[in-house]
Amino acid sequence: MKKVLLLIASAAVMAACGGPLSPQDKLTVNDKKINELIGQMTLEEKVNMLHSKTNMSSAGVERLGIADMNYADGPFGIREEGQPNGFMSAGWTLDSATYFPTGSALAATWSEELAYKYGTGMGKEARLRGKDVILGPAVNIQRLPVGGRTYEYLSEDPILSAALALEYTKGCQDEGTAVCIKHFAVNNQETNRGSVDAQLDERTLREIYLKPFERAIVEGGAMSVMPAYNKVNGEYCSENEHLLNEILRGEWGFKGFTVSDWGGTHSTMGAMLHGLNVQMTGSNYLGQPVIDSIKAGKLTEEMVDEKVRQILRVRYAIEAVPADVANQVMTSQPECQDIARQVAEKSIVLLKNEGKVLPIAKNVKSIAVIGQNAVLKTQSGGMGAGVKALYEVTPLQGIEKRAAREGIEVDYAPGYKNFPGRRWGPAPAQKDPLEADAIDEPADQFLMSEAVEAAANADLVIFFGGTNKNIETEGSDRKDIKLPCGQEELVQALYQVNPNLVTVLISGGPTDLQVLEPVSPAIVQGWWNGTEGGTALAEVLFGDIAPSGKLPFTFPRKLEDSPAYALGNFPDKNAGGDLFSLMYRPDVLKMSREERQKLIDSMPKPVSKYTERFYVGYRWFDTKEIAPMYAFGHGLSYVDFAYGEPKATASKDAVKVTFTLKNEGAMAADEVVQLYVSRPEAQVEWPAKELKAFQRVSLGAGETKTVTLTVPVKDLRYWNESINAWDLEHGKLQILVGSASDDIRVSTHVTI
Ligand code: GLC
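In terms of regular secondary structure, the chain is built from 22 helices and 27 strands. Taken against the 2.2 N^0.38 rule, which gives 27 Å for 752 residues, the C-alpha radius of gyration of the chain at 26 Å falls within 12% of a compact globule. Projecting the C-alpha coordinates of the chain onto the three principal axes gives extents of approximately 80 × 70 × 55 Å. Considering only residue pairs separated by 6 or more positions, the chain has 77% of its internal contacts joining residues 24 or more positions apart. Counting every atom, the chain has about 27,700 Å² of accessible surface; 53% of that belongs to carbon and sulfur. Across the chain, the mean location of the 78 positive side-chain charges is 3 Å away from that of the 97 negative side-chain charges.

What follows is the structure in structure tokens.
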């Protein structure tokens, strides 16, 4: 019934304004009813909606039948229920959810279709938990290879990230759950994330860092937005006039509401005047001080009304789930588990396959699986985005189950110690012999000898390297991208006794492979790949499916090659600290809030200068002609693909490029075709090339398909700072089509 009313209301508004409503304007269809409600509310009831009620909810107005707004962390699984006043577990049993592959794994599928399905999965399970808004997707560009949230975010490229953010948003909201897209904006490091001032030019801001948010909000109708903790060009995101009012609401026509990151609100007047709707958590800014400010004539009640209107638009765009309907069944649903498996299968990237070590040969009768990353679960950890999964198939479990079908013997050895990261509490009485004391400690000789013996006695070695969710996590960035705890020494020793070796990297971000690559004939990026990650990995390793993932970010040969490091922009050697970076220091923990703030105020303010501008990721490596270890968009298959000569046409709205693609192999396989543009005769400054379109194409053995890629002309514009607007440089466009940013197969050109 509700949906019918919504449709009728939409039609009425459409008729009134002559034409289909934009995704954002659809949020205004209930404004008449909302304004009547606001007219019945007291000032206290209205202000009560502008801040947290519990740690994961903000208030409605029970007297008027307006339900509270319930939030849940994502972005890759509905987080277990917490206590009303904090994140500690509520100890429920039905809140075990599906653990979807994390952001970088989803991005490695390069599949808009899967991103949409992923969003539906998140939306469905949020509804079962009575949640109105998921705190995701997390779509910030991966500027730093060491970024703590690289695993959570999508990619280093705005076109890829924007396409996936859009589909995730549509999928989730089509299931009746609002997204809260985050972290708006330019949140690209965890170091001093609570106050670091990201300083960048407008063109870089528009073309790179805002693009994923823009498409999800303007085209996808994202209903809520989470301003980031950091500052952008001097102003905190949660009170940033340029971001929240001028761009978000002014240019993009955003009609929903903004909710601060937890602890990310900084003032009453700043929040009220510059675009924040809801303070999470606490009410020391958007509670009584608002009422006091109105009484003092510094704010008006109409300002409060507008913020309440924006919140109620979302409230009435989604159904509140009655408390006696929510949490009645197990959260994780089989159809969502299946989506997680589909994403995992298409995310796995085959980085190297010398001598076709993969798929596992039919004559292999024994496999040595080496490395704790084959058995460690990856659902939790990494702070806020952890999931209490109903189940998780580890890589070893996946391999053992699949090997059993062929009567293949599997032997496991831990191989190296696991670095547990920051301890959340006192060290255990009994030290775990498999836990390392330091991330860079050398290989453990006993574990190494045990692993080498297992490798020597097997037909095939599968070495599981990588990081873990204490090394790559929200709240801190890695110091480097080195493989931890002596893994390099170990893999060299394994290769010495058995060169029939495959490395599988289990990590969210890139790792330094300079030592490992020469001693690994095959290398697979296995990601933190969700509830069915082990199942999917086994399917790829045994050749049931061909690998088809493509890297969503560059693997630098060495960290210093990457732009922010090469230019000395990160880390900020002069930085002091902030609330988040200091909160783990024992001496600071003993301080009062005032003493802590005094300490922070005494320190140099953290700054991050984006002087690399729009040369982020492959844009930098290609333009500077620095060879990466593995390039953006790289990923091998078990088959070869043949690209036909492309034909390109250009209209005022779009460039279309058509070509044939043939699967020359003996098994079905997917290829992700990528279209880059370069501008050989440009007057404006551009990177060497930029991704402008892509498509995942499924082909049976020997099958040929005709593929058409479309580049909207609006995606070819640049932000012209001299006119402070989008602008189009006319002229010749080189069209480069291929299998990776460094594997261009065919090309042509058009003039726009
Ligand atoms: C965290 C994260 C944010 C998360 C929120 C609630 O600090 O930055 O992504 O949604 O707090 O857990």
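What follows covers the site of the ligand. Lining the immediate environment of the ligand, one finds 14 residues, of which Asp73, Lys182, His183, Tyr229 and Asp261 sit closest. The contact in question runs from an oxygen atom of the ligand to an N or O atom on the side chain of Glu474, over 3.1 Å. A breakdown of the residues in the shell around the ligand according to their chemical character gives 6 nonpolar, 1 polar and 7 charged.

Turning next to helix α11 (residues 288-295). Residues of α11 that are buried: Val290, Ile291, Ser293 and Ile294. On an axial view of α11, the arc spanned by its buried residues comes to 160°, and they lie on one face. Tucked into the core, α11 has its buried residues touching α3 (43-47), α10 (268-273) and α12 (301-315). Note on α11: the residue one or two positions beyond its end, Gly297, has a positive phi of about 75°.

Here the focus is the confidence of the model for the chain. Averaged over all residues, the pLDDT of the chain equals 95, while 97% of them reach at least 70. Looking across the chain, the model is least confident in helix α1 (residues 2-17), with a mean pLDDT of 57, and most confident in strand β10 (residues 257-258), with 99.

With that settled, consider the sheet that holds strand β17 (residues 607-609). Judged by pairing direction, the sheet is mixed, and its 4 strands sit side by side in the order β9-β8-β6-β17 without closing on themselves. Every other strand in the sheet has two partners, leaving β9 (235-236) and β17 as the edge strands with one partner each. By the bridge criterion, 3 bridges tie strand β6 (residues 197-199) to β17 in an arrangement that is parallel. Its bridge partner being in β17, Gln199 is matched across the sheet by Lys609.

The tally for this structure, following the rule as stated, stands at 23 aromatic pairs. With a centroid separation of 5.7 Å and 75° between ring planes, the pair formed by Trp686 and Tyr718 is classed as edge-to-face. Highlighted residues: Trp686 in the loop between β21 (669-678) and β22 (690-699) and Tyr718 in strand β24 (residues 718-720), separated in sequence by 32 residues. What makes Tyr718 buried here is its relative accessible area of 10%. Three or more aromatic residues link up through ring pairs in this structure, and these residues are Trp110, Tyr618, Phe632, Tyr676 and Phe694. The side chain of Arg143 reaches across the aromatic face of Tyr610, ending 3.6 Å from its centre. For Lys231, the ring lying beneath its charged end belongs to Tyr236, and the centroid distance is 4.9 Å.

This part covers the pattern of salt bridges. By the definition in use, this model includes 53 salt bridges. Close ionic contact of Asp132 with Arg315 constitutes a salt bridge, the shortest N to O distance being 2.8 Å. Remark: Arg315 occurs in helix α12 and Asp132 occurs in the loop between α5 (112-128) and β4 (133-135); sequence separation between them is 183 residues. Residue classification places Asp132 among the buried positions, given a relative accessible area of 2%. Since its relative accessible area comes to 4%, Arg315 is described here as buried. Of the charged contacts, one joins Lys714 and Asp715 as a salt bridge, the two residues approaching to 3.8 Å between their closest N and O atoms. On the basis of relative accessible area, Lys714 is assigned to the partly exposed category, the value being 41%. Linked through salt bridges whose partners overlap, the residues forming this network are Arg149, Glu152, Glu190, Arg193 and Glu474.

What is meant by a disulfide is a covalent connection between two cysteines, made through their sulfur atoms. Taken as a whole and judged by the stated rule, the model has 0 disulfides. Looking at the unpaired Cys237, the closest cysteine sulfur is the one in Cys180, lying at 13 Å.

With that settled, consider the sheet that holds strand β26 (residues 732-740). Neighbouring strands of a sheet are bound in pairs by backbone hydrogen bonds; such pairs are parallel or else antiparallel. The 4 strands lie next to each other as β22-β21-β26-β27, forming an open sheet whose pairing is antiparallel. Looking at strand neighbours, the two that pair on one side only are β22 and β27 (743-751), the edges of this open sheet. The mean inter-strand angle of the sheet, taken between neighbouring strand axes irrespective of direction, is 20°. Relative to β27, β26 runs antiparallel, the two being bridged by 8 bridges. Note that in β27 the partner of Val737 across the bridge is Val746.

Looking at where Asp324 falls in the secondary structure, it is placed in the loop between α12 and α13 (334-347). Assessed through its relative accessible area of 60%, Asp324 is described here as exposed. Here the alpha-carbon distance between Asp324 and Gly130, two residues 194 residues apart in the chain, equals 9.4 Å.

Each neighbour pair has its own omega, and for Lys182 with His183 the value is -5°, a cis peptide bond. Counting through the fold element by element, His183 comes out in strand β5 (residues 178-184). Positive phi, close to 50°, is recorded for Cys485, a residue that is not glycine. Looking at where Cys485 falls in the secondary structure, it is placed in the loop between β14 (460-466) and α16 (487-497). A residue is classified by how much of its surface remains accessible, and Cys485, at 2% relative accessible area, is buried.

Further remarks concern a negative patch on the surface. Together, Glu409, Asp411, Glu450 and Glu453 make up a region of like negative charge exposed at the surface. Elements supplying a minimum of two residues to the negative patch: β13 (409-413) and α15 (445-456). Structurally, Glu453 is set in helix α15.

Below, the discussion takes up the packing of helix α7 (residues 202-209) against helix α9 (residues 241-251). The description of two packed helices rests on the angle between their axes and on the distance between the axes. Contact pair α7 / α9: the axes reach a minimum separation of 14 Å and the direction vectors enclose 55°. As summarised for this structure, α7 and α9 are arranged oblique, according to the angle between their axes. Handedness of the crossing formed by α7 with α9: right-handed. Contact residues: Glu202, Leu205 and Arg206 in α7; His242, Leu243, Ile247 and Glu251 in α9. Counted by class, the contact of α7 with α9 contains 3 nonpolar, 1 polar and 3 charged residues.

A word on α13. Taking 1.5 Å as the rise per residue, α13 with 14 residues should run 20 Å; its terminal C-alpha atoms sit 20 Å apart, in good agreement. Buried within α13 we find Cys336, Gln337, Ile339, Ala340, Gln342, Val343, Ala344, Glu345 and Ser347. In this structure, the buried side of α13 is in contact with α4 (103-109), α5, β11 (349-353) and α17 (533-541).

Attention now goes to the domain arrangement of the chain. Note: interface size is frequently given as the accessible area lost on complex formation between the parts. One can read the domain layout of the chain as domain 1 (2-86 + 96-317), domain 2 (348-541) and domain 3 (638-751). Taking only C-alpha atoms, the centre of domain 1 and the centre of domain 2 are 37 Å apart. Each side of the interface is counted separately: domain 1 has 30 residues, and domain 2 has 33 residues. In total, about 2,400 Å² of surface goes out of reach between domain 1 and domain 2, with carbon and sulfur atoms giving 56% of it. Interface area lost by domain 1 to domain 2 is led by Tyr99, Val146 and Tyr151, which between them contribute 31%. At the boundary of domain 1 and domain 2, one finds 3 salt bridges. The shortest N-O distance in the salt bridge between Glu474 and Arg149 comes to 3.4 Å. Linking domain 1 to domain 2 there are 15 residue pairs in polar contact (both at pLDDT 80 or more). Tallying contributions element by element places α4 first for the side of domain 1 that touches domain 2, with 3 residues. Of the residues that constitute the side of domain 1 that touches domain 2, the class distribution is 12 nonpolar, 11 polar and 7 charged.

Each value, and the rule that gives it
- For every chain, the first residue of the written sequence is number 1, and numbering continues from 1 along that sequence.
- Totals for whole chains, interfaces and linings use all residues, but because this is a predicted model, local features are given only for residues with pLDDT of at least 70 and pairs of side-chain atoms are given and counted only at 80 or more.
- Where side-chain values are given, they derive from all heavy atoms of the structure, hydrogens and water being excluded.
- Secondary structure counts use DSSP, requiring at least four H or I residues in a row for a helix and at least two E residues in a row for a strand, with both numbered from the N terminus.
- As a reference, a globule follows 2.2 Å times the number of residues to the power 0.38, and the radius of gyration itself is taken over C-alpha atoms.
- Throughout, a contact is declared for two residues whenever any of their heavy atoms are within 4.5 Å.
- Computed with the Shrake-Rupley method and a 1.4 Å probe, the accessible areas treat only the protein chains shown as cover for residues.
- Asp and Glu are treated as the negative residues and Lys and Arg as the positive ones, with His and the ends of the chain left uncounted.
- Think of each charge as sitting on NZ of Lys, CZ of Arg, CG of Asp or CD of Glu.
- If even one non-hydrogen atom of a residue comes within 4 Å of a molecule or strand, that residue is called near it.
- Polar contact is defined as a pair of N or O atoms within 3.5 Å, subject to the rule that within protein one atom must be able to donate a hydrogen and the other to accept it, and that residues adjacent in sequence are counted only when both atoms are side-chain atoms.
- The residue classification treats Ala, Val, Leu, Ile, Met, Phe, Trp, Tyr, Cys and Pro as nonpolar and Asp, Glu, Lys and Arg as charged. All others, Gly included, are polar.
- Accessible area is worked out with a 1.4 Å probe on protein chains only. A residue is then buried under 20% of its type maximum, exposed over 50%, and partly exposed in between.
- By construction, the arc corresponds to the directions joining the helix axis to the C-beta atoms.
- A residue's pLDDT is the confidence the predictor assigns to it, expressed on a 0 to 100 scale.
- By definition, two strands form a pair when at least two bridges between them are found by DSSP.
- Within 6.5 Å between ring centres, the rings of Phe, Tyr and Trp (the latter by its six-membered ring) count as paired, and their orientation is classed by plane angle as stacked under 30 degrees, edge-to-face over 60, tilted in between.
- A positively charged side chain is recorded as over a ring if its NZ (Lys) or CZ (Arg) lies within 6 Å of the ring centre. The angle to the ring normal must also be within 35 degrees.
- Counted as salt bridges are all cases of a side-chain nitrogen of Lys or Arg within 4 Å of a carboxyl oxygen of Asp or Glu.
- Cysteine sulfur atoms that pair up within 2.5 Å are treated as a disulfide.
- A fitted line through C-alpha atoms represents every axis, and for helices the fit uses only the stretch in contact; the resulting angles, taken between N-to-C directions, go from 0 to 180 degrees.
- Note that patches include only residues with greater than 30% relative accessible area and no salt bridge, and the join distances are 9 Å for like charges and 5 Å for nonpolar side chains (Val, Leu, Ile, Met, Phe, Trp, Tyr).
- With respect to orientation, any angle under 35 degrees is reported as roughly parallel, any angle over 145 as roughly antiparallel, any angle of 65 to 115 as roughly perpendicular, and every other angle as oblique.
- Note: crossing handedness is left-handed where the near helix turns anticlockwise from the far helix by less than a right angle, and right-handed where it turns clockwise.
- Multiplying one less than the number of residues by 1.5 Å gives the expected span of a helix.
- These domain boundaries are the output of an automatic or database domain assignment.
- By buried area we mean how much accessible surface two parts lose on assembly, using a 1.4 Å probe and totalling the loss over both.

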